[in-house]
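# Per-entry structural report
Given next are the chains, with one letter for each unit.
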Amino acid sequence: MGAKTREAVKLVTGLGDSCLQRIVLQFPFLVSSLSEEECLLNKKYTAHVSGDVLIAGFFPLFYIELQRSLGTPESKLLPIRFPQVNFGRFDPVLSDHRRFPAVYQVAPKDTAIALAMVALMVHFSWNWVGLVISEGESGLRMLPQLREEMSKHRICTAFEHLVALKEFEHLSLHQKIRNSFVKVIVIFGNNEFLIITINHMGTYLTLGKVWVINTPSTLIFRKRYFLFHPFHAPLIFSHHHGEISGFNNFINTVNPAKYPEDYYLAVLWIKYFNCTFSESSCVTWKNCPANASLEWLPRFLFEMDMLEESYNIYNAVYAVAHALHEMLIDQAEAQAVGNGSKLVFSPSQLHPFLKNTHFNNPAGDQVILDEPKKLVAEYDIVNFWNFPEGLRQVVKTPQSICSESCGPGFRKSPQEGRPACCFDCIPCSENEISNRTDMEQCVRCPDHQYANMEKTQCLLKSESFLDYQDPLGMALACSAVSLSTLTAAITGIFVKHHHTPIVKANNRALSYILLISLNCSFLCSLLAIGHPNTATCILQQTTFAVVFTVAVSSVLAKTLTVVLAFSAATLSWTRMRLWLVSGRPNFLIPLCTLIQLIVCGVWLGTSPPFLDTDAHSEHGHILILCNKGSASAFYCVLGFLGSLALASFTVAFLARNLPDTFNEAKFLTFSMLLFCSVWLTFLPVYHSTQGKTMVAVEVFSSLASSAGLLGCIFVPKCYIILFRPHRNSLPAIRGQTRSGRKKSSQ
């Protein structure tokens, strides 16, 4: 501090620069020790007698009400010309210079207090909060801001209780707190409001609550609480400020003997250290503990740290000193200051200098008295605990929520008739996820992804088709190859024994055609196994249609051949003999095949089969399958095959009792019965399955029906050829034929 500033401090305090910290020490004690009337009158007397600037911490409207109740003219108590520096919390009401033209506020703006309180709620995840707000002007100004910030962060209000100081309904407030089950209560108001609230709520046993208070009033810190007082350990918003160098050392070493002119310091020693003194030319202190220090006092009696109000007092004195300093410089040319004469000025002359005061204090913080230029306050959150000495306890900050948070995999469902913070947690639907807490809606996974079991993330779907490596695909493929090998072996047996009667007797050419078509049908089944593509999709449908048409028409031709052969032998009809000799039943095979080829050509020309994907039928998989294209064409192919099979079964059934040497009519009947049974069963099963299971059903039906024809028609003949060769001779055949005719004639 420069020489001019030191002179200014002397003018402000009546003391030297070294006494500035004692002033900071005195003011909090003064506020906590005297009643409001005594404090006001003391300040009035001090201002009129020893100074020209009033440094006050009480709300000026209270001054006006008090002076009216005392009958004191306003001009005598608070003259407009008299500068008044307020060290209390910044109040927007005091910014009205028409009502308070001489008031200057030291504290920074509290316009961010609502934002700070909501930030605290968000930090602790509180979304169910009660509000107790003063009905004064500052409370009514702050409440809309608090509502807006809480709404932005989805924080709900359990109740709002506006309190008028003159009509404090503490019973109704207690009932609201009890009925709302709220754990966090925010209190906003000035010092007087806080004192009344604490006193009234202290009459109720309200435990387990967190109280959030907007100001660290000195009066709150001086209150000696019972351990189970409702306001035990509140969270208090205090203006952030730097540390004043040397202040703690001063507090530890100050005593009345060192500063005998300090009245309030003497009161402290008398009150708390039981000291006495004798008045003489030199004050002598008696019965005092050796080296007594303020550090000995409990925190609820004396706070060693510089509190917010003390810091504002410190800045207020410095601000007035700076204003006087600037005024001294301004008047230096008009009046000599160094000749020992006392500087005389009017208090109103200090107004422009106070308004323009802007400096950095020793702690490095800016001090601005002009309201438009003031900075927005930064806050420290003070958690004041007042346990008895030696008692320690770790306390977890409780949650204050209406409903428990909905974790990942769930969404919020609002409860009807209740605030937005009250909700139920509903699991996400199929293939939907929520990967954050308290999501309003679940998010549907894309088609190429699926939701995991916990419904917390989307996973990539794997491709699914009837693969050779799958147990089912491997079994079907092995069956197809085995049956194809068996068919080839039977064909080889028939070729090797083509000269034998049993091979000749049943139309050798038709047998070869049927065996080849059956072998092709077994191999065609392999087209449906493995990763499908466009070519295999087209081939598996067309080859199935053509090959099975050849096979079934061959069976029909064999059945007609048996009927014609028996009719020609018994009835001696010339025309039937010509049909049989000319091999006209064999023409059924190319005719039926041609019809089926025409149907397949129309199918391929209009809506051919194509490669398709199905991402919805099977969870976690994308099905790669062949789409039939035209369902009508597919069922036309099946319908034509069904009509041929039904015709073959009918003819074979009617010829089942013919005296055939090797009873082939019965075998044809059994084979077509099995064939029709397989495909009649196929239709409902096919439509009730999905994905690769549906393909497997189609392959199995093809293999089963073909194996039925192979087993019923050719296996008995192979048995005779290989194991009963004596029956495969011309005399044996003639003997069996005669006996068969005798039985039929009888």
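### Thoughts on the overall build of the protein chain
A count of helices and strands for the protein chain gives 25 helices and 22 strands. Taken across its 746 residues, the protein chain has 47% of its residues classed as buried. Once local pairs closer than 6 in sequence are excluded, the contacts in the protein chain between residues at least 24 apart make up 68%. Within the structure as shown, the protein chain displays about 37,300 Å² of accessible surface, and the carbon and sulfur contribution to it stands at 58%.

### Observations concerning the packing of helix α6 (residues 113–123) against helix α7 (residues 137–152)
In contact at an axis separation of 9 Å, α6 and α7 are set at 35 degrees when each is read in the N-to-C sense. With respect to the hand of their crossing, α6 and α7 are arranged in right-handed fashion. Seen from α6, the contacting residues are Ile-113, Ala-114, Leu-115, Met-117, Val-118 and Met-121; seen from α7, they are Met-142, Gln-145, Leu-146, Glu-149 and Met-150. In the contact of α6 with α7, the residues fall into nine nonpolar, one polar and one charged.

### A closer look at the packing of aromatic side chains
Centre distance and the angle of the planes are the two values used to describe a pair of aromatic rings. Enumeration over the complete set of coordinates arrives at 17 aromatic pairs. Relative to Phe-675, the ring of Phe-548 has its centre 6.0 Å away and its plane inclined at 40 degrees; by these criteria the two rings are tilted. Of this pair, Phe-548 sits in helix α18 (residues 534–571) while Phe-675 is found in helix α22 (residues 664–688), placing the two residues 127 residues apart along the sequence. Note on accessibility: Phe-548 and Phe-675 belong to one class, buried.

### Description of α6
Taken as a whole, α6 has its buried residues at Ile-113, Ala-114, Ala-116, Met-117, Val-118, Leu-120 and Met-121. In this fold, the buried residues of α6 make contact with β4 (128–134), α7, β6 (184–188), β7 (210–213), β8 (235–239) and β13 (379–383). Immediately beyond the C-terminal end of α6, within one or two residues, lies Ser-125, with a positive phi of roughly 60 degrees.

### Some thoughts on helix α17 (residues 508–524)
End to end, α17 covers 24 Å across 17 residues, agreeing with the expected 24 Å (1.5 Å per residue, within 8%). Taken together, the buried positions of α17 are occupied by Leu-510, Ser-511, Leu-514, Leu-515, Ser-517, Leu-518, Asn-519, Ser-521, Phe-522 and Cys-524.

### Regarding the packing of helix α15 (residues 471–496) against α17
Interaxial distance between α15 and α17 falls to 8 Å at its minimum, and their mutual angle equals 165 degrees. Between α15 and α17, the crossing angle belongs to the class labelled roughly antiparallel. Judged by the sense of rotation from one axis to the other, the crossing of α15 with α17 is left-handed. On the side of α15, the interface is formed by Ala-480, Leu-483, Ser-484, Thr-487, Ala-488, Ile-490, Thr-491, Phe-494 and Val-495, while α17 contributes Ser-511, Tyr-512, Leu-515, Leu-518, Asn-519, Phe-522 and Leu-523. A per-class count over the contact of α15 with α17 returns eleven nonpolar, five polar and no charged.

### Side note on the pairing of β4
Most of β4 is tucked away: seven of the seven residues are buried. Neither face of β4 is open: one carries Trp-128, Gly-130, Val-132 and Ser-134, the other Val-129, Leu-131 and Ile-133, and all of them are buried. As defined by bridge partners, β4 adjoins strand β5 (residues 156–163) across seven bridges and the pair is classed as parallel. When the bridges of β5 are listed, Ser-134 appears paired with Val-163. Each parallel crossover has a hand, and the one from β4 via α7 to β5 is right-handed. Summarising the sheet, β4 and β6 pair through five bridges and their orientation is parallel. Bridge pairing in β6 links Gly-130 to Ile-185.

How each quantity is defined
- Throughout this description, residue numbers start from 1 for each chain and increase along the sequence as written.
- Per-residue local features of the predicted model are confined to residues with pLDDT of at least 70, and side-chain atom pairs are confined, for both listing and counting, to 80 or more; whole-chain, interface and lining totals are unaffected and use all residues.
- Only heavy atoms go into the side-chain values, all of them from the structure, while hydrogens and water stay out.
- Secondary structure follows DSSP: runs of H or I at least 4 residues long count as helices, runs of E at least 2 residues long count as strands, and numbering of each begins at the N terminus.
- Categorising residues by exposure relies on relative accessible area from a 1.4 Å probe, with only protein chains included: less than 20% of the type maximum marks a residue as buried, more than 50% marks it as exposed, and the intermediate range marks it as partly exposed.
- Any pair of residues with heavy atoms lying within 4.5 Å of one another is described as a contacting pair.
- Shrake-Rupley sampling with a 1.4 Å probe provides the accessible areas, and residues are treated as covered by the protein chains on show and by no other component.
- In this description, a line fitted to the C-alpha atoms serves as the axis of each element, helices being fitted only across the stretch in contact, and the angle between N-to-C directions of two axes falls anywhere from 0 to 180 degrees.
- Left-handed describes a crossing in which the near helix is turned anticlockwise from the far one by less than a right angle; the clockwise case is right-handed.
- By the convention adopted, Pro, Cys, Tyr, Trp, Phe, Met, Ile, Leu, Val and Ala count as nonpolar, Lys, Arg, Asp and Glu as charged, and the other residues, Gly among them, as polar.
- Only Phe, Tyr and Trp rings are paired, with Trp represented by its six-membered ring, and only when their centres lie within 6.5 Å; those with planes under 30 degrees apart are stacked, over 60 edge-to-face, the remainder tilted.
- In this scheme, a helix's expected span is set at 1.5 Å multiplied by one less than its residue total.
- If an angle is under 35 degrees, it is roughly parallel; if it is over 145, roughly antiparallel; if it lies from 65 to 115, roughly perpendicular; otherwise it is oblique.
- DSSP-based pairing: two strands are paired if at least 2 bridges between them are found.
- Handedness rule for crossovers: strands pointing away from the viewer, path from the first strand over the helix to the second running clockwise, crossover right-handed.

By themselves, these are just geometric observations and shouldn't be taken as functional.
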